[in-house]
Amino acid sequence: MTKPPLTLYLAAPRGFCAGVDRAIKIVEAALGKWGAPVYVRHEIVHNKFVVDRLRDMGAVFVEDLDDCPPDRPVIFSAHGVPKAVPAEAERRAMVYVDATCPLVSKVHLEAQRHHENGKQMVMIGHRAHPETIGTMGQLPEGEVLLIETADEVAGLEVRDPDQLAYITQTTLSIDDTVGVVAALKARFPNIEGPHKEDICYATTNRQGAVKTVAPRVQALLVVGAPNSSNSRRLVEVAANAGCDYAQLVQRAADIDWRALEGVSAIGLTAGASAPDVLIEEVVQAFRDRFDLSVEEVVTADETIEFRLPRIVRELA
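These numbers come from a predicted model, not from an experiment.

### What about the pattern of salt bridges?
Stage number 1. Evaluated as defined, the whole model comprises 20 salt bridges.
Stage number 2. Among the salt bridges present, the one from R91 reaches E88, with a minimum N-O distance of 2.8 Å. With R91 and E88 both in helix 3 (residues 84-91) and 3 residues apart, this pair spans about one turn of that helix.
Stage number 3. Given the relative accessible area of 61%, R91 is considered exposed.
Stage number 4. One salt bridge in this structure joins K211 and D175, with 3.0 Å as the shortest N-O distance. Of the two residues, K211 sits in helix 7 (residues 201-213) while D175 sits in helix 6 (residues 174-187), which places them 36 residues apart along the sequence.
Stage number 5. According to the relative accessible area criterion, K211 is partly exposed, its value standing at 31%.
Stage number 6. What you see here is one network of salt bridges that share partners, running through D66, E88, R91 and R92.

Pasting the structure below:
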């Protein structure tokens, strides 16, 4: 039986970013240094495949420091944690490794600097997301006001409208965030922003690649986890860029083939915490069903690497 033709446009950059790669390597290095088990507070990154692989190697994932025995190392996830968490680990004399992405740590430092200068913070981010919780937890309660949308700016109750600064979650939609920032500046003309935008290079690059691919295709799939903020934003970006069908899939088994009937051009990308093996799995699933042509659409070249913390680089 003849396979129908299909062109697959593979967005690049896609998949792992430097912060995710570093966090995973930290867990692997910790297991190599201290042996199993090594405890990880929260999912090290938001991807079930990655978490399951590390669990099979001996990592134990927990949600609270109380679930970690005091005599085993604990790793804090790439999303960052409130200041109280490492402080409590030190109080208990625990060995801990902070795998917070350096670009998230940069936002933490910005918040601290503004606080020291007497400013109240406004954070643009998603409620209950670990990164937002971690960033807000860098300052005393009440010093960081959280908003998600431009509509929420009107309801902000601030201490002093002339002593404000804003920061953002690193994985937001660039286009949506521009609107929220504009609303903040319209209401608070003296609000201070970051010297360089907080949305990270990987989020920016992946969204840019999707915007380039979306007009060429009838459907676009994003490989990523449902709790991955940057992956979900890619779906939204594709839809806003005119793609008729944009969906998030964790694995090839999640693809709704009936929804793709009659499609002759499809886009494929992956969130920053999705490994290459899952992207290749999806490509192979298309190859099995279609006479497939693959075209990579490259919009940026990523060369950033982050060093591992000294504590896991040093031999036991």
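### Notes on the environment of E296
Stage number 1. Summarising the element assignment, E296 is placed in strand 12 (residues 291-298).
Stage number 2. Here the alpha-carbon distance between E296 and V282, two residues 14 residues apart in the chain, equals 15 Å.
Stage number 3. Among the polar contacts made by the side chain of E296, one reaches the side chain of R14 at a distance of 2.8 Å.

### A short note on the side chain of Q169
Stage number 1. Tracing the chain through its elements places Q169 in the loop between strand 8 (164-168) and helix 6.
Stage number 2. One polar contact links Q169 to T171, side chain to side chain, over a distance of 3.0 Å.
Stage number 3. Of note is the side chain of Q169, whose polar atom sits 3.3 Å from the side chain of S229.
Stage number 4. Filtering out sequence-adjacent residues up to four positions away, Q169 remains in contact with M123, I124, G125, H126, H129, E131, T132, I199 and S229.

### Some thoughts on the packing of aromatic side chains
Stage number 1. According to the stated counting rule, one finds 4 aromatic pairs in the structure shown.
Stage number 2. Taking 4.9 Å as the distance between ring centres and 70 degrees as the angle between the ring planes, the aromatic pair formed by W257 and F286 counts as edge-to-face. Residue W257 is found in the loop between strand 10 (245-249) and strand 11 (265-270), and its partner F286 is found in helix 9 (residues 276-289); the two are separated by 29 residues along the sequence.
Stage number 3. Among the aromatic residues, those joined into a cluster by ring pairs are W257, F286 and F290.

### Here's the deal with unusual backbone geometry
Stage number 1. Each neighbour pair has its own omega, and for A12 with P13 the value is 10 degrees, a cis peptide bond.
Stage number 2. Within the secondary structure, P13 sits in the loop between strand 1 (5-12) and helix 1 (18-34).
Stage number 3. Between A36 and the following residue, P37, the backbone shows a cis peptide bond with an omega angle of 0 degrees.
Stage number 4. Backbone geometry at H42 places phi at a positive 70 degrees, although glycine is not the residue there.
Stage number 5. Owing to a relative accessible area of 16%, H42 belongs among the buried residues under this scheme.
Stage number 6. Look at A93: it is not a glycine, yet its phi comes out positive at around 60 degrees.
Stage number 7. Given the relative accessible area of 63%, A93 is considered exposed.

Basis of the calculations
- Residues numbered from 1 in each chain as written.
- Predicted model: local features only at pLDDT ≥ 70, side-chain atom pairs only at ≥ 80, totals over all residues.
- Heavy atoms only, no water.
- Salt bridge = Lys/Arg side-chain N within 4 Å of Asp/Glu carboxyl O.
- Helix = DSSP H or I, 4+ residues; strand = E, 2+ residues; numbered from the N terminus.
- Buried < 20%, exposed > 50% of the residue type's maximum accessible area, 1.4 Å probe, protein only.
- Polar contact = N/O pair within 3.5 Å; in protein donor to acceptor, adjacent residues only side chain to side chain.
- Contact = heavy atoms within 4.5 Å.
- Phe/Tyr/Trp six-rings, centres within 6.5 Å; stacked < 30°, edge-to-face > 60°.

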